[in-house]
Amino acid sequence: MNLRLPVFLFLLALVPQVAPAAPPALPGQAIFQKNCVRCHGANGKLGLNGAHDLTKSNLNAFGRTYLVTNGMGKMPAFGKMLTPAQVQQVVAYSLTLK
């Protein structure tokens, strides 16, 4: 009798099961969650403290980069808190909100 198959199945049962990995977060999503969710909300529609609905914004990446870097009205400037690369990441993420 061939014992290879039962031994293989027994050993396979001992291998720990690995849960599927969560999809990677989009670049800029963590930065958005840390700095922007308070007023814009997780989906960009919250509008707290006069924050604009990002899903309806007509601003392109250039305009959003300016606002994130320099701020305007009640929105604080993040140019000294974030690197230029981080600003670009959060802007790119904000453009995905629909």
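What about the confidence of the model for the protein?
Alright, step 1. For the protein, the mean per-residue pLDDT works out to 89, and 87% of the residues sit at or above 70.
Alright, step 2. Looking at the elements of the protein, mean pLDDT is at its lowest for helix α1 (residues 4-14), recorded as 68, and at its highest for helix α4 (residues 61-70), recorded as 98.

As for the environment of N49
Alright, step 1. Residue position: N49 is located in the loop between α3 (37-40) and α4.
Alright, step 2. Linking N49 and M75, residues 26 residues apart in sequence, is a C-alpha distance of 8.8 Å.
Alright, step 3. In contact with N49, not counting residues within four places along its chain, are C39 and K74.

Quick word on the environment of I31
Alright, step 1. As for its placement among the helices and strands, I31 is situated in helix α2 (residues 29-35).
Alright, step 2. On the accessibility criterion, I31 (14% relative accessible area) is buried.
Alright, step 3. Sequence separation of I31 and L82 is 51 residues, and the distance between their C-alpha atoms is 8.9 Å.
Alright, step 4. Beyond its immediate stretch of four places on either side in the chain, I31 contacts C36, L82, Q86, Q89 and V90.

Remarks on unusual backbone geometry
Alright, step 1. A positive phi is found at N49, a non-glycine position, where the angle reads about 60°.
Alright, step 2. By relative accessible area, which is 45% here, N49 ends up partly exposed.

Thresholds applied
Residues numbered from 1 in each chain as written. Predicted model: local features only at pLDDT ≥ 70, side-chain atom pairs only at ≥ 80, totals over all residues. Heavy atoms only, no water. pLDDT = per-residue confidence, 0-100. Helix = DSSP H or I, 4+ residues; strand = E, 2+ residues; numbered from the N terminus. Contact = heavy atoms within 4.5 Å. Buried < 20%, exposed > 50% of the residue type's maximum accessible area, 1.4 Å probe, protein only.

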